[in-house]
Amino acid sequence: NALILYATLAKGPKLPFDQQVNSTRRFMRELNRLGVTSAIDAGGGFQNYPDDYQVIEQLAREGQLTVRLAYNLFTQKPGQELADFRHWTESVPVGRGDDFYRHNGAGEMLAFSAADFEDFLEPRPDLPAAMETELEPVVRHLAEWRWPFRLHATYDESIGRMLDVFERVNRDIPFAGLHWFFDHAETISERNIERVRALGGGIAIQHRMAFQGEYFV
């Protein structure tokens, strides 16, 4: 459970702001040494925007980023997801920034009920019955504002239900070239791949099955 990791990290000491800036610069230089020059930040637990982005935004303002970053905004408040995205769509235009630091859209958490996590040693989680009613208003809002979005989804059963929501929204507010995709999607079926294609979406796949395939079996 990722929340265990996040909660443990949160118990550690917090560096003063100037040391956070310095350590972030050094971290990026280490990434450069390993050949990494660009990254996409898909958001994460307890990373509230804009409060927890002050260090990286200072480095961006000062021209000190050595890794190009495109960042997605990840809702942090169960039950208040739509409020987060309403606030952000009005205050953070998509594409704001430059080639080194640019806003990329929403995700990969759009609604807390619409995420199935990927511990292959555990049974597949069933998403709550309320998932569709909580996800749909967020997707409608993002489609209305033409915000690109990404959504964490591991299992075909979850993806099928999410696609039901996307198709319903698309009938009222055509996606029509809106960039969106599923992250992970290890067990997606051919039928659901075709449904993704029909909506102009994509899949950002990982190689987890190469490392955790025995767990999955």
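Quantities reported herein were computed from a predicted structural model and do not represent experimental measurements. (Residues numbered from 1 in each chain as written. Predicted model: local features only at pLDDT ≥ 70, side-chain atom pairs only at ≥ 80, totals over all residues. Heavy atoms only, no water.)

Asks: Explain unusual backbone geometry to me, please; I cannot follow it from the model alone.
Replies: Most peptide bonds take the trans form, and the phi angle of most residues other than glycine is negative. The omega torsion across Tyr 49 and Pro 50 is 5°, close enough to zero to call that bond cis. Its location among the elements puts Pro 50 in the loop between β1 (38–41) and α3 (54–61). Of the consecutive residues Gly 107 and Glu 108, the connecting peptide bond is found in the cis state with omega at 5°. The topology assignment puts Glu 108 in the loop between β4 (101–106) and α5 (131–145). Even without glycine at this site, Arg 146 takes up a positive phi of about 60°. Mapped onto the secondary structure, Arg 146 falls in the loop between α5 and β5 (149–153). (Helix = DSSP H or I, 4+ residues; strand = E, 2+ residues; numbered from the N terminus.)

Asks: When you look at the pattern of salt bridges in this model, what are you seeing that I'm missing?
Replies: Per the counting criterion, the structure on display carries 15 salt bridges. For the salt bridge of Glu 136 with Arg 168, the shortest nitrogen-to-oxygen distance reads 2.8 Å. Taken together, the residues Glu 136 in helix α5 and Arg 168 in helix α6 (residues 156–172) connect sequence positions 32 residues apart. Classification of Glu 136 by relative accessible area gives buried; the value is 14%. Owing to a relative accessible area of 29%, Arg 168 belongs among the partly exposed residues under this scheme. Salt-bridge contacts for Glu 167 lead to Arg 195; the nearest nitrogen and oxygen are separated by 2.8 Å. (Salt bridge = Lys/Arg side-chain N within 4 Å of Asp/Glu carboxyl O. Buried < 20%, exposed > 50% of the residue type's maximum accessible area, 1.4 Å probe, protein only.)

Asks: Would you take a moment to explain the packing of aromatic side chains for this structure?
Replies: The geometry of an aromatic ring pair is captured by the separation of the ring centres together with the interplanar angle, meaning the angle of the planes. Going through the model one piece at a time under the given rule, you end up with 15 aromatic pairs. On the basis of an interplanar angle of 70° and a centroid distance of 5.5 Å, the ring pair of Phe 149 and Phe 166 is categorised as edge-to-face. On the criterion of sequence distance, the pair formed by Phe 149 in strand β5 and Phe 166 in helix α6 is long-range, its members being 17 residues apart. For Phe 166, a relative accessible area of 0% gives the class buried. Aromatic pair Phe 149 and Trp 180: ring centres 5.9 Å apart, planes at 20°, arrangement stacked. On the criterion of sequence distance, the pair formed by Phe 149 in strand β5 and Trp 180 in strand β6 (residues 180–184) is long-range, its members being 31 residues apart. Each member of the pair, Phe 149 together with Trp 180, is buried. Counting every residue linked through ring pairs, the aromatic cluster contains Phe 149, Phe 166, Phe 175, Trp 180 and Phe 182. (Phe/Tyr/Trp six-rings, centres within 6.5 Å; stacked < 30°, edge-to-face > 60°.)

Asks: Would you mind showing me how to read helix α4 (residues 81–91) here?
Replies: For an α-helix, 3.6 residues make a turn, and residues three or four places apart therefore share a direction. Those residues of α4 lying buried are Glu 81, Leu 82, Asp 84, Phe 85, Trp 88 and Thr 89. The buried residues of α4 occupy one face: seen down the axis, they fall within an arc of 155°. Packed against the buried residues of α4 are β2 (68–73), β4 and α5. (Arc of directions from axis to C-beta. Contact = heavy atoms within 4.5 Å.)

Asks: Looking at this model, I keep getting lost on the layout of surface pockets. Mind explaining?
Replies: To find leftover empty space, a probe the size of one water molecule is rolled over the atoms. By volume, the largest pocket is sized at about 1,200 Å³. Of all the secondary structure elements, the ones that give two or more residues to the lining of the largest pocket are α1 (2–10), α2 (17–33), β1, α3 and β2. Element by element, the count of residues in the lining of the largest pocket is highest for α2, at 7 residues. Residue composition of the lining of the largest pocket, by class: 19 nonpolar, 9 polar and 4 charged. Approximately 560 Å³ is the volume found for the second largest pocket. For the second largest pocket, the lining is made up of 20 residues, of which Ala 2, Leu 3, Tyr 6, Met 109 and Phe 117 are closest to its centre. Ranked by the residues each element gives to the lining of the second largest pocket, the list is headed by α1, at 3 residues. (1 Å grid on protein atoms, 1.4 Å probe; cavity = no way out; pocket = protein on both sides within 12 Å on 5 of 7 lines; lining within 4 Å. Points joined across faces, edges and corners; volume = space filled by probe spheres on them. Nonpolar A, V, L, I, M, F, W, Y, C, P; charged D, E, K, R; others polar.)

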